[in-house]
Amino acid sequence: MSNDQQLEVIVEGSEGSPRLDRVLAARLSDLSRSRLKALILAGQVAVKNAPVRDPAYHVARGDTITIEVPEAVAAEPRGEEIALNIVYEDDDLIVIDKPSGLVVHPGAGHETGTLVNALIAHCGESLSGIGGVKRPGIVHRLDKDTSGLLVVAKNDAAHQSLSAQFADHGKTGEMRRGYLAFVWGVPNRQRGSVDAPIDRHPHARDKMAVRESGRHAVTHWEIVESFNGADGKPVAALLSCELETGRTHQIRVHLAHIGHPLMGDPTYGPHFKTKAVRLGPQSQAALTALDRQALHAYLLALEHPKTGVILEWNSNLPEDLALLRKTLQAAL
């Protein structure tokens with residue numbers, strides 16, 4: 001017996017946006033935005049009886065939208081013996097220093113070999129009930145090719161506390177997240193902030209972009225070090241960044257927006273590849289070997305969900321970024 005559900009929405013024109021995904025989000029609060037997007041992409045949503053697979057499709061007042069919601073099937077991730085660099089662990093949480101290349105949770109194309117698979121093996125199957133089937137214990141994430149500190153909850157109470165802290169982003173508490181970012185060019189002042197809304201890119205589905213329609217996003221940055229090229233002129237900088245919000249690709253998008261994209265970022269800084277010729281040969285080799293965006297989550301501070309004690313961890317640059325820094329310094 002199927003438990004599939006069919007829903008119907010008639011567009012009123014008061015939903016705040018003509019975009020299909022946003023109209024549905026405004027009208028169907030029981031379904032998450034990610035769930036609605038997945039249904040659209042899977043062809044489960046029709047407008048005037050014609051399937052629409054574009055979340056950005058514009059609907060009109062009076063249009064009838066039908067949504068086929070199949071019965072949810074839990075895809076239980078399995079534990080896998082994957083080595084982890086654990087920097088802290090107790091009964092409530094575990095802090096990992098994630099290497100670049102490790103995907104955080106299972107998804108399309110990454111059903112196995114993820115941090116979640118490793119955590120289930122390390123913490124036991126009980127972890128799989130925390131925070132949802134495919135994201136047990138995960139309260140924040142790092143991109144596959146971003147290295148650094150990440151905390152995971154080991155029980156429901158810890159998950160709720162940590163989730164609230166990340167949602168607050170240190171506005172009323174002690175939670176902090178710091179990143180080290182190697183960028184092209186040197187900003188013309190010592191420190192600054194980027195306050196620019198972020199939304200899905202209008203044409204490239206795998207990218208985000210600064211758009212007026214986006215969600216509030218703020219990144220604070222400060223110059224740690226600047227580097228000259230082989231010609232003796234400034235070519236790159238190392239910035240420390242702290243997040244006031246937590247949007248997808250936020251640092252990558254914001255730094256590119258102000259004209260200083262991350263070195264090695266193929267998505268938001270490909271047009272800066274030509275700047276590599278200004279680097280010394282050793283720096284060029286280090287950047288080529290990097291093969292990822294030069295971003296590392298070096299600082300994590302939070303309130304322990306049970307004791308209330310403020311905990312703070314720092315992570316040194318991994319070998320690939322330390323080598324990049326050393327070769328950039330050598331050109332001074």
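In case you missed it, the structure is sitting above this.
Residues numbered from 1 in each chain as written. Predicted model: local features only at pLDDT ≥ 70, side-chain atom pairs only at ≥ 80, totals over all residues. Heavy atoms only, no water.

Colleague: When you look at the pairing of strand S5 (residues 86–89) in this model, what are you seeing that I'm missing?
Modeller: On a regular strand, each side chain points to the face opposite its neighbour's, so the side chains alternate between the two faces of the sheet. Looking at chain direction, S5 and strand S6 (residues 93–98) are connected through three bridges and run antiparallel. Residue pairing across strands places Glu89 opposite Ile94, the latter belonging to S6. Hairpin remark: S5 followed by S6, antiparallel, with three residues in the connecting loop. (Pairing = 2+ DSSP bridges. Helix = DSSP H or I, 4+ residues; strand = E, 2+ residues; numbered from the N terminus.)

Colleague: Would you take a moment to explain the pattern of salt bridges for this structure?
Modeller: Side-chain pairing between opposite charges can occur once the charged atoms of the two side chains come close. According to the stated counting rule, one finds 15 salt bridges in the structure shown. Residues Arg141 and Asp143 are paired through a salt bridge, measuring 3.3 Å at the closest nitrogen-oxygen approach. According to the relative accessible area criterion, Arg141 is partly exposed, its value standing at 45%. Judged by its relative accessible area of 14%, Asp143 is buried. Residue Asp320 is joined to Arg292 by a salt bridge in which the shortest nitrogen-to-oxygen separation is 3.0 Å. Of this pair, Asp320 sits in helix H7 (residues 319–330) while Arg292 sits in the loop between helix H6 (281–290) and strand S14 (295–303), and the two are 28 residues apart along the sequence. You can call Asp320 partly exposed: its relative accessible area is 24%. (Salt bridge = Lys/Arg side-chain N within 4 Å of Asp/Glu carboxyl O. Buried < 20%, exposed > 50% of the residue type's maximum accessible area, 1.4 Å probe, protein only.)

Colleague: Explain the nonpolar core to me, please; I cannot follow it from the model alone.
Modeller: It is characteristic of soluble globular proteins that their nonpolar side chains tend to be buried jointly. By size, the foremost hydrophobic cluster in this structure holds 29 residues, and its most contacted members are Leu119, Tyr179, Leu239, Cys241 and Leu255. Elements with a contribution of two residues or more to this core: S6, helix H3 (115–123), strand S7 (147–153), strand S8 (176–184), strand S12 (218–228), strand S13 (234–243), helix H5 (250–257) and S14. Contacts of Cys241, omitting those with residues within four sequence positions, involve Arg177, Gly178, Tyr179, Ala181, Thr219, His220, Trp221, Ile251 and Leu255. The next biggest cluster of nonpolar side chains, apart from the first, holds 21 residues, and it includes Phe272, Ala276, Leu290 and Ala294. (Core = buried A, V, L, I, M, F, W, Y, C linked by side-chain atoms within 4.5 Å. Contact = heavy atoms within 4.5 Å.)

Colleague: Help me understand the packing of helix H1 (residues 20–27) against helix H2 (residues 33–41), please; the structure alone is not making it clear to me.
Modeller: The angle between the axes and the distance between the axes are what describe a pair of packed helices. Put simply, H1 and H2 touch, their axes get as near as 10 Å, and they point 135° apart. Looking at the two axes, H1 sits oblique to H2. Taken as a pair, H1 and H2 cross one another with a handedness that is right-handed. In this structure, H1 uses Leu20, Asp21, Leu24 and Ala25 to contact H2, whose residues at the interface are Arg33, Leu36 and Ile40. By residue class, the composition of the contact of H1 with H2 is five nonpolar, no polar and two charged. (Axes fitted to C-alpha atoms, helices over the stretch in contact; angles between N-to-C directions. Parallel < 35°, antiparallel > 145°, perpendicular 65-115°, else oblique. Left-handed = near helix turned anticlockwise from the far one by under 90°. Nonpolar A, V, L, I, M, F, W, Y, C, P; charged D, E, K, R; others polar.)

Colleague: What am I meant to see in the packing of H6 against H7 here?
Modeller: Look at H6 against H7: their axes get within 8 Å of each other, and the N-to-C directions meet at 160°. Of the possible angle classes, the one that applies to H6 and H7 is roughly antiparallel. Relative to H7, the crossing made by H6 is left-handed. Taken together, the residues of H7 that come into contact with H6 (itself represented by Gln282, Ser283, Ala286, Leu287 and Leu290) are Asp320, Leu321, Leu323, Leu324, Thr327 and Leu328.

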